[in-house]
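The primary structure of each chain is shown beneath.
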Amino acid sequence: MSFWDHLEELRGTLFRSILVLCLFAVLGFIFKKPLFWVVLRPASPDFVIYKILGWNFSLEMINVEVAAQFFVHLSAAFGAALILAFPYIVWELWRFIAPALYEKERKAVGGAFLMATGFFYLGVAAGYFLVLPACVQFFMNYSVSSMVTNSITIGSYMSMFTSTVLMVGIAFEFPTVIWALSRIGVLDRGMLKKGRRYAIVAVLIVAAIVTPADPLSMMVVAAPLYLLYELSILMCPKNYDID
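Treat the numbers as computed from the prediction; the structure is a model and nothing was measured. (Residues numbered from 1 in each chain as written. Predicted model: local features only at pLDDT ≥ 70, side-chain atom pairs only at ≥ 80, totals over all residues. Heavy atoms only, no water.)

## Regarding the overall build of the protein chain
Our working definition: Numbering of helices and strands runs from the N terminus; a helix is a DSSP stretch of H or I covering at least four residues, while a strand is a stretch of E covering at least two. Partly exposed residues are those whose accessible area sits between 20% and 50% of the maximum for their type, while under 20% is buried and over 50% is exposed, using a 1.4 Å probe and protein chains only. Contacts between residues were defined by any pair of non-hydrogen atoms, one from each residue, lying within 4.5 Å. We get accessible surface area from the Shrake-Rupley algorithm with a probe of 1.4 Å; when it comes to residues, only the shown protein chains can shield them.
Each helix and strand counted, the protein chain has ten helices and two strands in total. Its helices and strands taken in sequence order, the protein chain reads α-α-α-β-α-α-β-α-α-α-α-α from the N to the C terminus. Split into buried and exposed, the 243 residues of the protein chain put 40% on the buried side. The long-range fraction of contacts in the protein chain, counting pairs at least 24 apart against all pairs at least 6 apart in sequence, stands at 80%. Accessible surface computed for the protein chain: about 14300 Å², of which carbon and sulfur atoms make up 70%.

If you want it as structure tokens, here you go:
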């Protein structure tokens, strides 16, 4: 295929992906009530993780701009659409790059694309049920002075919700990347084991930034991140020859 033929294929891939994304976003606009029941649930003190860990906080959410609630709805709809459309987008990307790969590369990368969806949803769940609540309870209990009261805008909460859940979902793609790189001979298990001590330090630093005042919250955030690294080691063969 010529460069322009590839460009045409890429345009078709992007168009179909955006179309499906928009269709799911429309559903988010139609089903506003169940969408925001899910979105606002981690802001409720009776959310399941708060009861399990005994976390307490008080959150008052306000709106201070005329159009803010509409744009929050827009953001929530497209965030939910991206999560729901993820398997289709991954499939479209696979269709686009597969013809450019050799047979053995196609098998390795194809397996990685299949794994990507599962790990993404696992990450979204971890972000929603663990990381986001840990962030909410820490920031709501943090205060520079008793004279300052936390009154959170809906836009601020929505920004934290979207970035946290989606970023953790993307972070959980790490084992998929490691598995694909190991299958094509770039990484092996020994290399990851040698980097384990650095991974532990990096995970603890990230967790401390998110929840610096609460050791329990810090461990809630750090545990899934480190388990992710160990899972990557188990998924990576001792050595693998693509030939």
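Right, picking up where we left off after that structure.
## Comments concerning the packing of aromatic side chains
Under the convention used in this document: What counts as a ring pair is set by centres within 6.5 Å for rings of Phe, Tyr and Trp (its six-membered ring), and what kind of pair is set by the plane angle: stacked under 30 degrees, edge-to-face over 60, tilted for all other angles.
Throughout the structure, instances matching the rule amount to ten aromatic pairs. When the centroid spacing of 5.6 Å and the interplanar angle of 65° are considered together, the rings of Phe120 and Tyr121 count as edge-to-face. Linked through ring pairs, Phe47, Tyr128, Phe129, Tyr157 and Phe161 together constitute an aromatic cluster.

## Focus: the packing of helix α4 (residues 68-97) against helix α6 (residues 154-171)
Using the following cut-off: Lines fitted to C-alpha atoms define the axes, with helix axes restricted to the stretch in contact, and inter-axis angles between N-to-C directions lie between 0 and 180 degrees. Any angle from 65 to 115 degrees is called roughly perpendicular, while one under 35 is roughly parallel, one over 145 is roughly antiparallel, and all others are oblique.
Contact pair α4 / α6: the axes reach a minimum separation of 10 Å and the direction vectors enclose 10°. Considered as vectors, α4 and α6 are oriented roughly parallel to each other. Across the interface between the two elements, Val72, Ser75, Ala76, Leu82 and Ile83 of α4 pack against Ile154, Gly155, Met158, Thr162, Val165 and Leu166 of α6.

## So, helix α7 (residues 174-183)
Every buried residue belonging to α7 is among Pro175, Thr176, Ile178, Trp179, Ala180 and Ser182, and all of these are buried. Phi turns positive one or two residues past the end of α7, at Gly185, with a value near 85°.

## Observations concerning the packing of helix α2 (residues 32-40) against α4
Remark: α2 packs on α4, axes separated minimally by 11 Å, with the N-to-C direction vectors making an angle of 80°. Regarding the angle of α2 to α4, the classification is roughly perpendicular. Each of Lys32, Leu35, Phe36 and Val39 in α2 lies in contact with α4, whose residues at this interface are Val72, His73, Ala76, Ala77 and Ala80.

## Comments concerning the pattern of salt bridges
Threshold: Within this document, salt bridges are pairs made up of a side-chain nitrogen of Lys or Arg and a carboxyl oxygen of Asp or Glu, the two lying within 4 Å of each other.
Scanning the model with the defined rule gives five salt bridges in all. In this structure, Arg95 engages Glu92 in a salt bridge whose closest nitrogen and oxygen atoms are separated by 3.8 Å. With Arg95 and Glu92 both in helix α4, this residue pair falls three residues apart, about one helical turn. A relative accessible area of 0% places Glu92 in the buried class. Through salt bridges with shared partners, one network takes in Arg16, Glu92 and Arg95.

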